[in-house]
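# Secondary and tertiary structure notes
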Amino acid sequence: MYNNSRVKFHIYPWLSLILLVILPSLHYSQQSFNDILSAENRLKFGNYLFCQKDYLRAADEYREYLKISNNDTLRFKIGYSLFKLGRFHESMDNYKSLFYNSALTDEAKLQFIKIKFLLNDFADFRSIIDQKNYSTNNYPGIETKLYQLSLLFDDLVTDSLLFINSFDQDEKNVMLKFYMQRKYPGYKNETTAGILSAIIPGLGKIYADETGDGITSFILTYALSFLSYNNFKNDHNTRGWIFAGLAAYFYAGNIYGSLSAVQNYNAALNFRFDSDLRLYLSQKNYFIHEPDFLCK
Amino acid sequence: MKLYSKISAIIFSVIIMSVTFSERLSAQNYLARQLSFADKLFSEELYFEAITEYKRLMFFDKDKIHDFRCNFNIGLCYKYGGFYDNAIVYFKQAELSTIIDEDIFQSRIQVARCNILRKTTSVALSILNDLEHETRFADKKEDIYYWRGWALMVADDWENASRSFYYIDPEHPLKLLCDNVEGNKYSVTFAKVISYILPGSGQFYSGNYLSGFMSLGWNLWLGFLTVNSFVEDRIFDGLVIGNLLWLRFYRGNVQNAENFVLQENINIANNAYKFLQNNFTGEKP
Amino acid sequence: MRLNNFNDKILLNKIVRLVVVLFFISQCMIAQSELKKWIKLDATYETEQPARSGYIIKNKEAGSLLLSVFKITYNFLISDLDGDNCPFYPTCSQFFIQSVEETNLVKGALMFADRFTRDTNIFKRYPYYPLHKSGRLYDPVHNYKLNFSDVVHYPGDIVVQ
């Protein structure tokens, strides 16, 4: 017992001394950990904001971090944040900075190409793809698909086999459907509508799928013509001429309206094709598999 | 010897405890500094930046001791920036991060105030009704009546707004304002009824004399043409003029009487809103 | 047919895509996203007054002057007095004025006759036409100028700003 207490007697002061020596260094490390504006903590906070979809603040935090240390992932995420904020050109500039000497070169190029595609200037898009500077090493298939799709959007696909073969097996059927839709859109003809309306007022509008407007046109023109006829018959010549003028005016207006109805019909077809294809591409994320660090 | 051993053990324990809690104490210190930094930005009306700092504080505040305050202040920042939808989300989070009745009440009142500001006043009124029926907020009736009055004012229901302020104080300045606005407003029903009887009179009532005269003129002339056609046995003419012209201008006269009164009433209400925005010194949503 | 014109097709595609992108951006705005740094905004409780037709002549050119005089006379004597009879935006009289301004008197008159026919067809309303933010049916002039590159299809389930 005595021996044991002697041992304790010696141990406590020594342990205390040791702790007193190491405590300041421990405290120092805590201090730096708790400095919540440190680069590491900015990174953690930025990642949290990014996953919360607060892209504006996340990009700010990442920029602060990059002032101290380089990080390609963060530069990529800044580009992604800018894209999400609708700042497409800034985003592309950001991705460009990853085109050389980076592990994310291909991913950055894919994002760059995707934004270029989304900007709708397909001629410019194709010229970019043609420049080999923007080509990826590992994803040539995706570039080809988007290239062919840009041709489809502009209705410039000449080689149907090349177009279809650019896509994977499970995509071919859908793409064939879109190709056929573009090739044979089912447009109505303006001249036909005009002639039909000249023969029977309103018929051109019915041809352009505007049955209600066509019937209205017919009734209006017919009623005015009848009034004109009836007034002439009853020797009300002035009124007869007024109604005749109005009938002629609405007859001409109906022919004009048939032409514009056909144009609107065709525009609606184009719109539907465009939005269906865009919806499909958006669901497939433009064939691009995004890196896991994007908090999907 | 035994005493010396005990003293050594106590000193050792104190050091161990200080090591254990130093991390916690140090974190608290930094969080407090972060909070005061965020508060400083808030007081300087740098609301965008303040939100960032409050969010940062919440992220590093693992014990969630500042959650209510941060969420509440983020809500306020968004409110001051006009992002009322976002503000409501954070006030609701603030409500969920506290168990104190006063804090819950303030969070809900802020949600109601945001709804007043974004002019979804029916939602604000529903929130205020719910608060009124909760017994734990029985001592907050005045606040509820006050914001209900505001919601009703913004909803252009000055009569009920006046009643709500009356419950606080029969001589409440906002009650007097509501009474004044209500007294100055034109009656839409009256304008329409007199316009049905005598075309143009509704426009006279709201002070649009030229439009009133023109309406009266059109209706008298077209009415005469219609009646005259029937008298002269020109039934078709009578039907066409009566249907396509006279009725059109008669209907237009009633519509105009209503529109002019509504416009005048909007002007009267807007003058009151301008006063509330620029000159009223009491609490605003 | 105009659609066979290669350039027209490309231009049409661009316009349609622009509409889709603008619609997407407008949806982002509704969600109150913070797209850039902002500052304090003073709250307003005021109600917006509907715009009233003004009697101001802006253009002193002979043709435009004549059109402006016609427009003012029509507004003063008829349009401001005969009530709200047109369900469309722009209204029939505004449509006529805009048509003449953007094309010529003959074409504008034909466009108006066509619009009048569409107005008479009471069975074709929403959702065949999209709604304008004013609450009226959106039926813009540029879709009827017989210039296919100007035609923009608006789906019936959107509100045009």
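Scoring rules and cut-offs
- Residues numbered from 1 in each chain as written.
- Chains lettered and ligands numbered in written order.
- Predicted model: local features only at pLDDT ≥ 70, side-chain atom pairs only at ≥ 80, totals over all residues.
- Heavy atoms only, no water.
- Contact = heavy atoms within 4.5 Å.
- Buried area = accessible area lost by both parts, 1.4 Å probe.
- Salt bridge = Lys/Arg side-chain N within 4 Å of Asp/Glu carboxyl O.
- Polar contact = N/O pair within 3.5 Å; in protein donor to acceptor, adjacent residues only side chain to side chain.
- Helix = DSSP H or I, 4+ residues; strand = E, 2+ residues; numbered from the N terminus.
- Nonpolar A, V, L, I, M, F, W, Y, C, P; charged D, E, K, R; others polar.
- Phe/Tyr/Trp six-rings, centres within 6.5 Å; stacked < 30°, edge-to-face > 60°.
- Buried < 20%, exposed > 50% of the residue type's maximum accessible area, 1.4 Å probe, protein only.
- Lys NZ or Arg CZ within 6 Å of the ring centre and 35° of its normal.
- Core = buried A, V, L, I, M, F, W, Y, C linked by side-chain atoms within 4.5 Å.
- Disulfide = S-S within 2.5 Å.

Next up on the list: the interface of chain C and chain B. Accessible area lost during the coming together of the parts is what is often quoted as the interface size. Between chain C and chain B, the residue contacts involve 27 residues of the former and 42 residues of the latter. Taken together, the two surfaces of chain C and chain B that pack against each other cover about 3200 Å², and 55% of this comes from carbon and sulfur. Linking chain C with chain B are 2 salt bridges, by the criterion used here. Where R248 of chain B meets D82 of chain C, a salt bridge forms, and the shortest distance between an N and an O atom there is 2.7 Å. Linking chain C to chain B there are 12 residue pairs in polar contact (both at pLDDT 80 or more). At 3 residues, helix α2 (residues 62-79) of chain C tops the list of elements feeding residues into the side of chain C that touches chain B. In the side of chain C that touches chain B, the residues fall into 12 nonpolar, 7 polar and 8 charged.

Per the stated rule, a full pass over the model turns up 62 aromatic pairs over all chains. Relative to Y55 of chain A, the ring of F50 of chain A lies with its centre 5.3 Å away and its plane at 80°, an arrangement referred to as edge-to-face. Y55 of chain A matches F50 of chain A in its accessibility class, with the two residues each being buried. Each ring, one from F112 of chain C and one from F116 of chain C, has its centre 6.4 Å from the other, and the planes form 45°; the classification is tilted. Of the two residues, F112 of chain C and F116 of chain C are both situated in helix α4 (residues 105-120); the distance of 4 residues between them amounts to about one turn of the helix. Residue classification places F116 of chain C among the partly exposed residues on the basis of a relative accessible area of 33%. Ring pairs connect the aromatic residues Y249 and F250 of chain A together with F70, Y74, F96, F112 and F116 of chain C, which therefore count as one cluster. The ring of F178 of chain A is capped by K177 of chain A, whose NZ or CZ atom sits 4.9 Å from the centre of that ring.

Moving on to the nonpolar core. Membership of the largest hydrophobic core comes to 124 residues, with the highest contact counts inside it found for L149 and M175 of chain A together with W150 and M153 of chain B. Apart from residues lying up to four places away in sequence, W150 of chain B is in contact with I116, F165, L174, L276, F280, E283, K284 and P285 of chain B together with Y45 of chain C. Counting 13 residues, the second largest nonpolar core, distinct from the first, contains F88, C92, Y129 and L137 of chain C.

Residue and element names in this part refer to chain A. Summed over all chains, the structure comprises 1 disulfide over all chains. Covalently, C51 is tied to C295 through a disulfide, its sulfur atoms 1.6 Å apart. Of this pair, C51 sits in helix α2 (residues 39-51) while C295 sits in the segment after α14 (237-283), and the two are 244 residues apart along the sequence. The exposure class assigned to C51 is partly exposed, which follows from its relative accessible area of 37%. C295 gets classed as partly exposed once you look at its relative accessible area, which sits at 28%.

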